[in-house]
Amino acid sequence: MTSKIKILCLFLALFLTPVLLSAQPPTSTYLKWLTDQSMLREASTLAQDYVSGKGSQWQHSYEQPQTQAVLQKASVWFTAYPGSTITKEGESVLQTLGNAELWQTFKKIGIEAMHTGPLKKAGGIVGENKYTPTVDGWFDRITLNIDPLFGTESEYKNLVRTAQNSQAILIGDIIPGHTGKGADFRLAEMAYQDYPGLYTMVEIETKDWSLLPKVPSNQDSVNLSSEQVDVLTQKGYLPGHLQRVLFSVPGKTGLTGWDATKEVMGPDNKYRRWVYLHYFKPGQPTLNWLDPSFAAQRLISGDIIKTKTVLGASIIRLDANPFLGIEPQAGTTNARSESTYLSLEASNMIAQMMRKLGGWSFQELNLGFNDIQAFATHGPDLSYDFVTRPAYQHALLTGNAAFLKLNFSLLKQYSLKSQQFIHALQNHDEITYELVHFQEHADTLFDYRGKQVSGAKIRNSIQAEMEVYATTPRAPYNQLSGNGLCTTSAGLAAAALNIQNPYQANDQEKANIQKAHVLMVMYNAFLPGVFAISGWDLVGALPLPVDSIKELVKDGDYRWINRGAYDLMDVNSKAKLSNTKLPKATSLYGSLPEQLKKPGSFVSQLKNILALRKKYQVHIGQVIDIPVTKDKGLFIMINKLPDNQGFLVTALNFGQKKIMENVKVRGPEGTGLNLLKDEYEWGVSYLGDYYFELEPLEAKAIFFATPKRSGDSNHSG
């Protein structure tokens, strides 16, 4: 090669590929640091130290769900959110949650478990000892270790012991679908060892880089357009478009869930660009549950071992487990990306691993009834109630319980029992109303409000009605997300009552909000299964004003208004922010000690309801009938109680007018005991009907003992 040609080649290299030459290969020091930080490496160590080759993994049966065992152990849960917990001055979140006085108070109320929410370090890594913050409320974990922002491992173990002293247990989290952009992802980008096998990511050949979008200098990846996904799918790189894009940004359309990385140099001095999948935010790369390396299984197994065996949690939550598999659909550029058989098998593996180690699990499963049935067969022991949750909230907002009754008829049709579900008030997410079953059965006709209506029309009308009743202009303090309403339980109640400024509510308005809130408690607490209540519920938190958290919601994630800080025990009355800088929410009810001094307070009423729930073993009963009613706001459920005790009739008036109605009720006989008032109220009317009289937003629980028959020695009153 002549000197002129050499100079020309050097010139072309310098001016046509400046970005490539700007990158540097990773140093051996940086590679070792990343490897030491990685979850995959720690998972291997945990398996070797605690489980592999040990007899401990053969002490528990694990194939079948153990729902009854969970319910007998703990059926009333407190759902914490670490980032919202206001701590005592100088204390960590875990020290505050592990305070013995708090647990004594929980025991008085009737709370038997705490779901801590995500605690492990989350976010990303951009260099040695250079971290970026969480992009999704600690649901983008990058290590298996507790975030120092919340406390230490020893403080968590102390929390477990303190709970045990109050005959309670701890519940942790497993995030099987994705990680943050931590050490594992950075090593995967470098094609280091088997780290690329962790993720649903594909290396794009250099000749095809022109098909990828340019990455801005201040980003490490950029979303593909729909057209780019089509092209890369046709070329055999990708499985195709997602069934749903789960996270959207206001003002942006065409988001796909596929991102292209910038150029990354590996230790082999080779530049690579990748396309990776993220169901949620770009900072949450999706794991690959069917890669020959089985790296995802190894990482998540390590997380299970750490949570159960090392830290001592008794139950784990599977976050977003319907999204653990993706496969192409032949002849199209679309993929099947929800509730695949791979998702089902991966969920089963996680649940069985936890049971094998002596614990249990539950899943956040927002799917149609047939999929819920499938995932519950050999998988997690409990499922979150995404079925009746939006339905009872719709009933409260509209004063019409028709949709709630329809969902109970479908539960019966698919042989799903209430015992299988966690019936919760607020959690860290929005009030989801995706109503997946009606989306999947868009053309199916359902008996709804006395007519045959398609699933699509029902879904559209429910969503539209909830938005009209719960957001601007009726309730300007609530917000919409791509998947539902962003608000608190108190914010939902205020919207139902058409209170436009609950922050300045007068005494009567506060009382009405509390009454509607107690109605929600009655509905959930008198269903068999787990009853769960959050810190936001306990203090009556209102949603945070958007202006107070502009930075957090700038990407359109309005769930942060649900997550205001709260102080359960009034340990730091001067605090305006939590440790994670979340503003303190406006509280309508006050602290737990303050409320327990007042018989009519929200928490005092909750305490009485939970005591009745436990006395009559409602959690292990069975819903046997949802009677037909004339009043659209009246909802009645009949529970058959265990041990031949009798029946519990729970009547709820979701409307704001008084109800007086005779209703035909199947099962109960004789005279009923009003449990809340501890007095006999009514018995059989004419033709086996029962007379119901309820004030607006009132709920009643009526107990009917099994009549003593001749020769019957099993009666218990």
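Described in the following lines is the structure provided in the data block. (Residues numbered from 1 in each chain as written. Predicted model: local features only at pLDDT ≥ 70, side-chain atom pairs only at ≥ 80, totals over all residues. Heavy atoms only, no water.)

### Topic: the overall build of the protein
Moving on, step 1. When helices and strands are tallied, the protein shows 23 helices and 32 strands.
Moving on, step 2. Against the globule reference of 27 Å for 717 residues, the protein gives a C-alpha radius of gyration of 27 Å, in line with a compact fold.
Moving on, step 3. For the protein, the residues scored as buried account for 60% of the 717 residues in total.
Moving on, step 4. Accessible area for the protein stands at about 29000 Å²; split by element, carbon and sulfur atoms hold 51% of it.
Moving on, step 5. Taken together, the 70 basic and 68 acidic charged side chains of the protein have centroids lying 2 Å from each other. (Helix = DSSP H or I, 4+ residues; strand = E, 2+ residues; numbered from the N terminus. Rg over C-alpha atoms; globule rule 2.2 N^0.38 Å. Buried < 20%, exposed > 50% of the residue type's maximum accessible area, 1.4 Å probe, protein only. Areas by Shrake-Rupley, 256 points an atom, 1.4 Å probe, with all protein chains shown as cover. Lys, Arg positive; Asp, Glu negative; His and termini not counted. Charge placed at Lys NZ, Arg CZ, Asp CG, Glu CD.)

### As for the side chain of asparagine 366
Moving on, step 1. Its location among the elements puts asparagine 366 in the loop between strand 16 (360–363) and helix 13 (369–378).
Moving on, step 2. Here the side chain of asparagine 366 touches glutamate 434 through a polar contact of 2.5 Å, side chain to side chain. (Polar contact = N/O pair within 3.5 Å; in protein donor to acceptor, adjacent residues only side chain to side chain.)

### Some words on the packing of aromatic side chains
Moving on, step 1. Tallied over the full model, the rule gives 25 aromatic pairs.
Moving on, step 2. Relative to tyrosine 523, the ring of tyrosine 392 lies with its centre 4.9 Å away and its plane at 40°, an arrangement referred to as tilted. Here the residue tyrosine 392 occupies a position in helix 14 (residues 389–398), and tyrosine 523 occupies one in helix 19 (residues 507–525), the gap between them amounting to 131 residues.
Moving on, step 3. Under the relative-accessibility criterion, tyrosine 392 is labelled buried at 1%.
Moving on, step 4. Ring pairing ties together the aromatic residues Tyr392, Phe408, Tyr523 and Phe635, which thus form one cluster.
Moving on, step 5. A cation sits over an aromatic face here: lysine 121 above tyrosine 131, 4.6 Å from the ring centre.
Moving on, step 6. Across the ring face of tryptophan 560, the terminal group of arginine 563 is positioned such that the distance to the ring centre comes to 4.5 Å. (Phe/Tyr/Trp six-rings, centres within 6.5 Å; stacked < 30°, edge-to-face > 60°. Lys NZ or Arg CZ within 6 Å of the ring centre and 35° of its normal.)

### Concerning the sheet that holds strand 22 (residues 479–480)
Moving on, step 1. Strand order in this open sheet of three strands is 19-23-22, and the pairing throughout is antiparallel. Strands with a single pairing partner mark the edges of an open sheet, and in this sheet they are strand 19 (431–432) and strand 22. (Pairing = 2+ DSSP bridges.)

### Things to note about the environment of serine 347
Moving on, step 1. Along the polypeptide, serine 347 turns up in helix 12 (residues 341–356).
Moving on, step 2. We classify serine 347 as buried; its relative accessible area is 0%.
Moving on, step 3. Through-space distance from the C-alpha of serine 347 to that of leucine 318 is 7.9 Å; in sequence the pair is 29 residues apart.
Moving on, step 4. In this structure, serine 347 is in contact with Leu318, Asn321, Leu324, Phe375 and Pro380, ignoring residues within four places of it in sequence. (Contact = heavy atoms within 4.5 Å.)

### Comments concerning the environment of glutamine 419
Moving on, step 1. By the secondary structure assignment, glutamine 419 is in the loop between helix 15 (402–413) and strand 18 (421–424).
Moving on, step 2. Sequence separation between glutamine 419 and threonine 67 is 352 residues; the distance between their C-alpha atoms is 7.6 Å.
Moving on, step 3. Excluding residues that lie within four positions of it along the chain, glutamine 419 makes contacts with Thr67, Gln68, Leu71, Leu382, Pro528, Gly529, His619, Ile620 and Gly621.

### Focus on the pattern of salt bridges
Moving on, step 1. Within this structure, the stated rule accounts for 34 salt bridges.
Moving on, step 2. Among the ionic pairs, arginine 272 bridges to aspartate 268, the shortest N-O distance being 2.7 Å.
Moving on, step 3. A relative accessible area of 8% means that arginine 272 is categorised as buried.
Moving on, step 4. Aspartate 268 gets classed as partly exposed once you look at its relative accessible area, which sits at 44%.
Moving on, step 5. One network of salt bridges, in which partners are shared, links Asp136, Lys281, Asp429, Asp555, Asp557 and Arg559. (Salt bridge = Lys/Arg side-chain N within 4 Å of Asp/Glu carboxyl O.)

### Notes on the pairing of strand 20 (residues 445–448)
Moving on, step 1. Side chains of strand 20 alternate between two faces, with Phe446 and Tyr448 buried and Leu445 and Asp447 left unburied.
Moving on, step 2. Of the pairings in the sheet, the one linking strand 20 to strand 21 (residues 451–454) comprises four bridges and is antiparallel in character. Looking across to strand 21, one finds that tyrosine 448 is bridged to lysine 451.
Moving on, step 3. The antiparallel hairpin formed by strand 20 and strand 21 contains two residues in its connecting segment, where arginine 449 sits at a positive phi of about 55°.

### Section: helix 3 (residues 28–37)
Moving on, step 1. Taken residue by residue, helix 3 has Tyr30, Leu31, Trp33, Leu34 and Thr35 as its buried positions.
Moving on, step 2. Where helix 3 is buried, its residues contact helix 4 (39–51), strand 4 (124–127), strand 5 (130–132) and helix 9 (183–189).

### Brief notes about the sheet that holds strand 27 (residues 646–653)
Moving on, step 1. Spatial ordering of the open sheet is given by 25-26-27-32-29-30, a layout of six strands whose pairing is antiparallel. Each edge of the open sheet carries a strand with a single partner, namely strand 25 (622–625) and strand 30 (679–680).
Moving on, step 2. With three bridges connecting them, strand 25 and strand 26 (residues 634–640) associate as antiparallel partners. Among the inter-strand pairings, glutamine 622 is bridged to a residue of strand 26, identified as lysine 640.
Moving on, step 3. The sheet contacts of helix 19 involve strand 26, strand 27 and strand 32 (699–705), and relative to strand 27 the element is tilted by about 150°. (Axes fitted to C-alpha atoms, helices over the stretch in contact; angles between N-to-C directions.)

### What about the packing of helix 8 (residues 153–165) against helix 11 (residues 295–311)?
Helix packing for two helices is described by the angle between their axes and how far apart those axes are.
Moving on, step 1. Between helix 8 and helix 11, the shortest axis-to-axis distance is 10 Å and the interhelical angle comes to 60°. Between helix 8 and helix 11, the residues in contact are Glu153, Tyr156, Lys157 and Val160 and Lys306, Val310 and Leu311, respectively.
Moving on, step 2. Here the residues of the contact of helix 8 with helix 11 sort into four nonpolar, no polar and three charged. (Nonpolar A, V, L, I, M, F, W, Y, C, P; charged D, E, K, R; others polar.)

### Comments concerning the pairing of strand 24 (residues 530–534)
Moving on, step 1. Of all five residues making up strand 24, five are buried, and the element is well covered by its neighbours.
Moving on, step 2. Burial along strand 24 is two-sided: the face carrying Val530, Ala532 and Ser534 and the face carrying Phe531 and Ile533 are both buried.
Moving on, step 3. Looking at chain direction, strand 1 (residues 76–79) and strand 24 are connected through four bridges and run parallel. Across the sheet, phenylalanine 78 pairs through a bridge with isoleucine 533, a residue of strand 24.
Moving on, step 4. In this sheet, strand 24 lies alongside strand 18 in parallel orientation, the contact comprising three bridges.

### Topic: the environment of glutamine 622
Moving on, step 1. Its place among the elements puts glutamine 622 in strand 25.
Moving on, step 2. Residues glutamine 622 and glycine 53, 569 residues apart in the sequence, show an inter-C-alpha distance of 42 Å.
Moving on, step 3. Each residue touching glutamine 622, except ones within four places of it in the same chain, is listed here: Pro528, Ile638, Asn639 and Lys640.

### Points about the packing of helix 14 against helix 15
Moving on, step 1. Interaxial distance between helix 14 and helix 15 falls to 7 Å at its minimum, and their mutual angle equals 160°. Here helix 14 lies roughly antiparallel to helix 15, going by the angle between them. The element helix 14 and its partner helix 15 pack so that their crossing is left-handed. Between helix 14 and helix 15, the residues in contact are Ala391, Tyr392 and His394 and Phe403, Leu404 and Asn407, respectively.
Moving on, step 2. Among the residues forming the contact of helix 14 with helix 15, the class breakdown is four nonpolar, two polar and no charged. (Parallel < 35°, antiparallel > 145°, perpendicular 65-115°, else oblique. Left-handed = near helix turned anticlockwise from the far one by under 90°.)

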